[in-house]
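# Architecture and fold: a report
Each chain is listed here by its residues.
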Amino acid sequence: TDQDLVLADVRRGMIPAHIYNDEEIFRLERERLFSRAWVFVGHESEVPQAGDYVVRRVLEDSFIISRGEDGQVRAMFNMCLHRGMQVCRAEMGNASHFRCPYHGWSYRNDGRIVGLPFHKDAYGGEAGFRRKGQTLLPAPALDTYRGLIFLSLAPDAPPLREYLGDFAFFLDYYANQSPSGIELSGPQRWRVKANWKIGAENFAGDMYHTPQTHTSVVEIGLFREPKAEKRKDGCTYWAGNGGGTTYKLPPGTLEEKLRYVGYPDVMIEKMKTRWSPEQLDVIGRDGFMISAASVFPNLSLVHNWPRVEDSDDVLPFISIRTWQPVGPDETEVLSWFAVDAEAPESFKALSYKAYLMCFGSTGMFEQDDVENWVSLTSTAGGAMARRLLLNSRMGLLADGTEVVAPLPPEQFAGPGEAHVGYGEYNQRHLLTRWADYLERPIEKAAQVEVSGVP
Ligand code: FES
Ligand code: FE
């Protein structure tokens, strides 16, 4: 079938151009991918107190992610059990109850139904509609890693830790810098007329676009590159269910390297207690500083160290984002600023500035990137794109062997596979995984009846 051909091409690094703007492909992604993959929706630091909630989506399904009075974080489908109105219309807040705006049914922040207006007159009281045991529909699966909250629409989803696999090793650089972990602020939220896969691929492994797309950012001196850090000597790594890019730093001790990207000693001391010898070796011994990454399907992370203000000093920032599909040609981006919760306040303030300069709706990198992706997406929707196979084979010779061999363990202490220099290894990994999901049909989900009948 057509679909088999598309998937076979993707697996050899030849990408049918229309997958970046195709209704039929999007239908398959909804049905076979987003219905069972783990999707990042937020972080526990966004809902620290009982009653705190945020509203997040997995495709078009809206969920209230709320911390109950018992301290537990739950995700509840944001649809009233009565006639289906969204019970929570705000994006975030603190509430003991949610009251549906349509007819006024109300729910506790753990999802249990408490109030039905005119319960006695309209339903004959508990004899007609028994409230006990009725709750907003819970998300089929919720799991966390280092406070990062993921949902899956598949009740039989594997544990998140298993899904992440060895990528957890790399997630720790972002989310485990001190015993308190990270705290998130935001998200900024905006929509771009671009396919969701493009951003995920770019953050996973596109070191190749930086010198071209982001020339102006380098020219105005926001970035220290290419003075000392060498992008092309960095490596891309893939481990478990995600992969990312690194910069090769100038020689020095672990401490010198972390100071070089702007971390103060108080933070470095904590990192040394949180990271394993292998995690420390990737930076200290091997000299690779973690940069952007993606977790399949649509979570990306950034770690960069631009100059702040007019100073010669650079400062690192961390950002987390999701590429939330709206349609085949539109993506809602949610972009959070993340920082170690124990970082000095002055560091947090400057790191936030560094983030805003680079990413988010005002970020200079963001503007450059999106221009390409919007243009690519609109072109991918036409007739000619159906005849074109894009070349995503960088790093491979014609016979399928790799231009450079993976780094041996003496040069890369991390798990998975890492290659020095430019290559599209990670883009191929992401799309191969995508093809694996798309070719596997899904069983119809069971329906939940809300009868309230005693
Ligand atoms: Fe919510 Fe009727 S739809 S109370
Ligand atoms: Fe970019």
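Everything numeric here is computed off the predicted structure, so don't read it as measured data.

Quick look at the overall build of the chain now. Within the chain one finds 14 helices and 20 strands. Taking 2.2 N^0.38 as the reference for a compact globule, 454 residues should give roughly 22 Å; the C-alpha atoms of the chain span a radius of gyration of 23 Å, in line with that estimate. Oriented by its inertia axes, the alpha-carbon framework of the chain measures out at about 75 × 55 × 40 Å. Going through the 454 residues of the chain one by one, you find that 44% of them count as buried.

So, on to the sheet that holds strand β2 (residues 39-43). On the basis of which strands lie adjacent, the open sheet formed by 3 strands has the order β2-β11-β10 and antiparallel pairing. Pairing within the sheet leaves two strands with one partner each, and these edge strands are β2 and β10 (141-145). Averaged over neighbouring strand pairs, the angle between their axes works out to 30 degrees when direction is ignored. Two elements, β2 and strand β11 (residues 148-152), share 4 bridges in a ladder whose sense is antiparallel. Its bridge partner lying in β11, G42 is registered against I149.

This part takes up the environment of R89. In this structure, R89 sits in the loop between β5 (73-77) and β6 (92-94). Of the residues examined, R89 has 12 C-beta atoms within 10 Å and is grouped as exposed. Linking R89 and V55, residues 34 residues apart in sequence, is a C-alpha distance of 8.4 Å.

Right, let's get into the UniProt feature "domain: Rieske" (unreviewed entry) in the chain. Following the UniProt record, the feature "domain: Rieske" (unreviewed entry) maps to residues 38-151 here. With 4% helix and 39% strand, the stretch residues 38-151 has end C-alpha atoms that lie 5 Å from each other.

With that settled, the discussion passes to the environment of F63. Mapped onto the elements, F63 comes out in strand β4 (residues 61-67). Between the alpha carbons of F63 and V302 there is a distance of 26 Å; along the sequence they are 239 residues apart. Apart from residues lying up to four places away in sequence, F63 is in contact with V41, R56, V58, A75, M76, F77, N78, A139 and L151.

A few words now on the packing of helix α2 (residues 23-33) against helix α14 (residues 425-438). It is the contact of α2 with α14, at a shortest axis distance of 9 Å, that shows an interaxial angle of 75 degrees. As judged from the angle between their axes, α2 and α14 are roughly perpendicular. Taken together, the residues of α14 that come into contact with α2 (itself represented by L28, R32 and L33) are W434, Y437 and L438. Partitioned by chemical class, the residues of the contact of α2 with α14 number 5 nonpolar, no polar and 1 charged.

Here is what the cut-offs are and how they apply
Along each chain, numbering runs from 1 in the same order as the chain's sequence is written. Ligands are numbered from 1 and chains lettered from A, in the order in which they are written. Only residues with pLDDT of at least 70 are given local features in this predicted model, and only at 80 or more are side-chain atom pairs given and counted; all residues enter the totals for whole chains, interfaces and linings. A helix here means a DSSP run of H or I that spans at least four residues, while a strand means a run of E at least two residues long, and both kinds are numbered starting from the N terminus. Taken over C-alpha atoms, the radius of gyration is set against a globule rule of 2.2 Å times the number of residues to the power 0.38. With C-beta atoms placed from the backbone, a residue counts as buried when 20 or more other C-beta atoms lie within 10 Å of its own, as exposed when 12 or fewer do, and as partly exposed for counts between those limits. Any two strands with at least two DSSP-identified bridges between them are counted as paired. Here, axes are lines fitted to C-alpha atoms. For helices the fit covers the stretch in contact, and angles between N-to-C directions go from 0 to 180 degrees. UniProt positions are given in the numbering used here, feature names are shortened, and annotations may be inferred rather than shown by experiment. By the convention adopted here, residues make contact when the C-beta atoms placed from their backbones lie within 7 Å. Note on terminology: angles under 35 degrees are roughly parallel, angles over 145 are roughly antiparallel, angles of 65 to 115 are roughly perpendicular, and the others are oblique. Note on residue classes: Ala, Val, Leu, Ile, Met, Phe, Trp, Tyr, Cys and Pro are nonpolar, Asp, Glu, Lys and Arg are charged, and everything else, Gly too, is polar.

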